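# Coordinate analysis (summary)
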Amino acid sequence: MPAELPREVVDCDVHCAPGSMDALLPRLGDYWRDYVEDSTARLPPSGAYPPGARTSGAEPVPQDQAELAAALERTAPRRALLSCLTLDGVHRNPHYAAAMARGLNDWMREELLDRDERLRGSIAVSTLDIVTAVEEVEPLGDDPRFAQVLLPVRSDVPYGNRLYHPLYEAAARHGLRIALHAWGRPGAAPTTTGLTTTYLEDYASNSHIAQFQLLSLVTEGVFGKDPDLGVVFAECGFAWLPALLWRFDKDWKGVWREVPWVKERPSEYVRRHVRLTTEPAHLPRVREQVAQVVEAVGPEMLLYASDHPHDHGDSGGALLRELGTADVEAILRGNAMAFYGQSVS
Amino acid sequence: MTRLATQTAPDEAASKAVTLVDCDIHPVMLPAETSRRLSARWRRHLERYGRRSPHITDTYPRPRNQGMRADAWPEGGVPGSDLALLQHQLLDEHDIDFGILLALHGSDGYDPPELMAELNRAVNDWLVEAWLDRDDRLRASLCVPHDQPALAVAEIERRASDGRFVQVLFPASAQEPLGARKYWPIYEAAAAHGLPVAIHTGGYYAHRGTGWPSFYLEEHAGYGTIMQLALTSLVCEGALAAIPDLKLVLTEGGAAWAAALRWRLDEAWSLLHDETPLLERPPSEYISEQVWFDTQPIEEPDDPAHFMDIIQQADLTDRLMFATDYPHWDFDSPTQTLPRGVPKELREKIFAGTACDLYGLPRTRDAG
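Note that the structure is predicted; figures quoted are calculated from it, not measured.

### Some points on the overall build of chain A
When helices and strands are tallied, chain A shows 13 helices and 8 strands. The globule rule puts the C-alpha radius of gyration for 345 residues at 20 Å, and the 19 Å found for chain A is close to it. Along the first, second and third principal axes, the C-alpha set of chain A runs to 55 × 50 × 45 Å. Residues counted as buried form 64% of the 345 residues belonging to chain A. Surface accessibility of chain A: about 12600 Å² in total, with carbon and sulfur atoms responsible for 51%.

The following block contains the structure:
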């Protein structure tokens with residue numbers, strides 16, 4: 001972890017998680033309390049996976065406002081967007097997933113957002129049933145402290161698919177962004193045909209999965225339908241973007257007739273509607289090439305994230321060291337304020 | 001056993017310098033050609049049960065002209081089935097010195113093992129008779145039943161002495177991730193014979209961590225990403241490290257993504273290398289030493305300077321090889337493939353030099 005972290009930032013990816021089911025049980029109805037007790041269902045461990053790998057970080061995932069405040073002391077952020085990935089490990093009963101989403105969001109609002117005005121929330125939704133996901137977004141979307149809807153980048157069905165469109169419409173109606181965050185349910189392996197035997201491959205491959213999701217979102221016309229929709233890829237890297245768009249634009253020129261609703265070059269939609277967080281940065285070891293990479297990606301596309309407590313090495317620090325003041329300022333604050341608007345201002 | 005190109009000292013007057021090698025040409029075998037090369041048992045099987053392999057073209061139909069160049073249909077045949085038309089439209093038209101054939105018929109892996117073995121053997125026999133014996137500019141990729149490694153190795157052994165087979169063909173997606181140990185005997189056999197393994201876009205793509213795409217555009221644009229998955233598996237599972245003589249040629253997957261892939265693998269490895277002791281060095285070093293890339297479909301940045309950035313960033317100066325992908329719709333012409341600003345020396349490497357070095361092709365050929 002870099003010795004000195006930038007201060008007064010808009011930190012677009014800070015992790016938190018309830019310590020155990022006890023934090024949620026009082027917020028669940030009778031049926032789900034009985035269900036949890038009878039089945040001895042547990043939340044996934046709040047610590048990161050893998051238990052002792054360096055990427056998991058030296059500190060535990062904050063479980064309450066006090067732990068978050070301690071973690072944020074080093075950067076004194078203007079705003080911190082919370083990512084709670086607890087639903088990734090929740091089992092596949094769609095009613096249960098919806099109940100846990102509600103419990104998590106209430107927990108985040110009451111235990112974190114109500115207690116620290118710097119914090120901004122991400123609405124957790126079940127990806128197993130989009131109707132209940134929309135029902136979850138509708139009331140919470142009126143609370144300006146929720147900045148986005150959180151979806152795991154690994155999905156059962158790609159996120160451009162029409163089945164998700166009502167969720168995007170609801171998000172756009174409320175000025176919420178969509179965050180696709182690294183990881184997802186166990187078993188969504190980053191290969192065409194099977195599971196990986198190393199964490200190394202799984203870890204590096206969130207960037208591959210993000211590429212497939214971006215292709216899907218543009219191809220299925222999500223961005224053409226709603227000018228207010230914004231999607232941020234969190235913890236998925238960003239250096240992969242230019243090469244993907246160069247190919248995507250070229251392919252679109254050849255086969256646009258298949259998707260007449262994609263009226264502009266794919267890169268045009270992406271530059272208007274998509275942003276990416278800076279951590280992990282995945283940058284060249286030849287540091288002089290860092291500025292080339294950011295120029296090709298576009299500095300306006302990047303949102304600063306600490307990804308606390310995860311440790312992705314020094315690349316995020318190198319990113320800020322190699323860029324000029326204006327780009328650094330945009331990445332640390334300005335881009336996020338323009339993208340999220342009122343909710344982080 | 002080491003394979004050497006069979007060449008004699010060129011006669012200056014009658015020879016020309018090799019300036020253009022096309023590393024990705026798709027010949028197509030008509031069903032009758034297949035049928036007559038199969039045993040009665042498997043011919044009967046195909047008549048009754050057909051191929052079990054699901055074809056990606058059925059899932060994502062090419063919107064126009066079955067994905068072929070509109071002018072590539074020979075009289076009464078299909079694109080890629082007619083040597084004379086291919087000679088006229090491709091080899092003669094562009095003055096191609098050597099062209100490498102990749103027949104994709106054998107590459108699906110969901111049929112009975114013995115059928116796959118016979119089918120791949122039939123394709124290889126056909127490549128010799130219908131193509132290699134009839135035009136000495138052509139070379140071929142050896143088709144193997146890749147999901148039956150023992151049978152695949154037997155086919156490599158059977159054909160390795162024919163120097164016109166310059167590589168072993170593998171799809172970008174197989175029954176298991178490409179780095180799985182199941183496939184290592186094939187990689188080892190290829191490496192032992194000095195044959196690169198060409199990984200070509202194709203095979204059977206399943207879930208890929210996001211679920212299935214809906215459209216050909218996203219499927220096709222995603223082929224580059226699927227190639228990233230394949231290479232990531234081969235690196236992370238240790239295949240490149242464990243088989244140092246293994247050379248990979250990534251075909252029809254683009255190349256510009258290689259820069260960012262190297263950085264993310266190196267960074268991930270720097271944090272997690274205690275998990276994978278087989279990887280003694282940063283992953284990008286194995287990639288630099290053991291992986292080649294074909295151009296088609298080369299990514300096209302708006303700013304041509306970004307192309308040269310990528311060459312440097314991804315260490316591609318001696319690793320990029322020209323390919324047309326004839327007769328497919330996204331054919332890249334040698335006159336339009338590279339952007340402005342690529343230095344002459346690098347152009348010469350991309351269009352011929354790198355392929356000649358990798359495949360042991362002669363630097364001059366008979367001008368007749």
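### Concerning the confidence of the model for chain B
Overall, the predicted model of chain B reaches an average pLDDT of 92, with 94% of residues at or above 70. ipTM for the predicted complex: 0.95, alongside a pTM of 0.96.

### Looking at the pairing of strand β3 (residues 119–124) of chain A
Residues and elements named next belong to chain A. Most of β3 sits inside the fold, with 6 of its 6 residues counted as buried. Of the two faces of β3, the one carrying Leu119, Gly121 and Ile123 and the one carrying Arg120, Ser122 and Ala124 are both buried. Direction of pairing for strand β2 (residues 79–83) relative to β3: parallel, over a ladder of 2 bridges. Opposite Leu81, over in β3, you have Arg120 as the bridge partner. Pairing geometry for β3 and strand β4 (residues 146–154), over 4 bridges, is parallel. Bridge pairing in β4 links Ala124 to Leu150.

### Side note on the packing of helix α11 (residues 290–297) of chain A against helix α13 (residues 304–313) of chain B
With their axes 11 Å apart at the nearest point, α11 of chain A and α13 of chain B run at an angle of 135° to one another. With respect to their mutual orientation, α11 of chain A and α13 of chain B come out oblique. For the crossing formed where α11 of chain A meets α13 of chain B, the hand is left-handed. Contacts from Gln292, Val293, Glu295 and Ala296 of chain A of α11 of chain A reach α13 of chain B at His306, Asp309 and Gln313 of chain B. Looking at the contact of α11 of chain A with α13 of chain B residue by residue, the class counts come to 2 nonpolar, 3 polar and 2 charged.

### A look at the interface of chain B and chain A
Between chain B and chain A, the contact holds 70 residues from the first and 69 residues from the second. Where chain B touches chain A, the interface holds 4 salt bridges. Of the charged contacts, one joins Asp302 of chain B and Arg265 of chain A as a salt bridge, the two residues approaching to 2.7 Å between their closest N and O atoms. Where chain B packs against chain A, one counts 30 residue pairs in polar contact (both at pLDDT 80 or more). Among the elements of the structure, α8 (216–221), α9 (223–236), α11 (258–272) and α13 of chain B are those that each provide at least two residues to the side of chain B that touches chain A. Looking at which element gives the most residues to the side of chain B that touches chain A, the answer is α11 of chain B, with 12 residues. Its residues assigned to classes, the side of chain B that touches chain A comprises 33 nonpolar, 22 polar and 15 charged.

### A short note on the packing of α9 of chain B against α11 of chain B
All names here are of chain B. Look at α9 against α11: their axes get within 11 Å of each other, and the N-to-C directions meet at 35°. Considering how the two elements wind past one another, α9 and α11 form a crossing that is right-handed. Across the interface between the two elements, Gln228, Leu231, Thr232, Val235 and Cys236 of α9 pack against Leu261, Arg264 and Leu265 of α11. A class-by-class count of the residues in the contact of α9 with α11 yields 5 nonpolar, 2 polar and 1 charged.

### A short note on the side chain of Ser141 of chain B
For Ser141 of chain B, the location among the structural elements is in strand β4 (residues 138–142). At 2.8 Å, the side chain of Ser141 of chain B and the backbone oxygen of Leu101 of chain B are in polar contact.

### Considerations on helix α7 (residues 206–219) of chain A
Residues and elements named next belong to chain A. With 14 residues, α7 ought to run about 20 Å at 1.5 Å a step, and its terminal C-alpha atoms sit 20 Å apart, in line with that. With 14 of 14 residues buried, α7 lies mostly within the body of the structure. Just downstream of α7 lies Gly221, where phi reads positive at about 85°.

### Description of helix α5 (residues 165–173) of chain A
Residue and element names in this part refer to chain A. Along α5, the residues that are buried comprise His165, Leu167, Tyr168, Ala170, Ala171 and Ala172. Structurally, α5 contributes buried residues whose contacts are with α4 (130–140), β4, β5 (177–184), α7 and α8 (222–225). The positive-phi residue at the C-terminal boundary of α5 is Gly175, with phi of around 70°.

### Thoughts on the pattern of salt bridges
Residue and element names in this part refer to chain B. Taken as a whole and assessed by the stated rule, the structure comprises 49 salt bridges over all chains. Close ionic contact of Arg137 with Asp92 constitutes a salt bridge, the shortest N to O distance being 2.7 Å. A residue pair is termed long-range when its members are at least 10 positions apart, and Arg137 in the loop between α5 (113–132) and β4 and Asp92 in helix α4 (residues 83–92) qualify at 45 residues. According to the relative accessible area criterion, Asp92 is partly exposed, its value standing at 46%. Beyond isolated ion pairs, a larger network of salt bridges with shared partners links Arg121, Asp125, Glu155, Arg158 and Arg159.

Reading guide: rules and limits
- Residues numbered from 1 in each chain as written.
- Chains lettered and ligands numbered in written order.
- Predicted model: local features only at pLDDT ≥ 70, side-chain atom pairs only at ≥ 80, totals over all residues.
- Heavy atoms only, no water.
- Helix = DSSP H or I, 4+ residues; strand = E, 2+ residues; numbered from the N terminus.
- Rg over C-alpha atoms; globule rule 2.2 N^0.38 Å.
- Buried < 20%, exposed > 50% of the residue type's maximum accessible area, 1.4 Å probe, protein only.
- Areas by Shrake-Rupley, 256 points an atom, 1.4 Å probe, with all protein chains shown as cover.
- pLDDT = per-residue confidence, 0-100.
- Pairing = 2+ DSSP bridges.
- Axes fitted to C-alpha atoms, helices over the stretch in contact; angles between N-to-C directions.
- Parallel < 35°, antiparallel > 145°, perpendicular 65-115°, else oblique.
- Left-handed = near helix turned anticlockwise from the far one by under 90°.
- Contact = heavy atoms within 4.5 Å.
- Nonpolar A, V, L, I, M, F, W, Y, C, P; charged D, E, K, R; others polar.
- Salt bridge = Lys/Arg side-chain N within 4 Å of Asp/Glu carboxyl O.
- Polar contact = N/O pair within 3.5 Å; in protein donor to acceptor, adjacent residues only side chain to side chain.
- Expected span 1.5 Å × (residues − 1).

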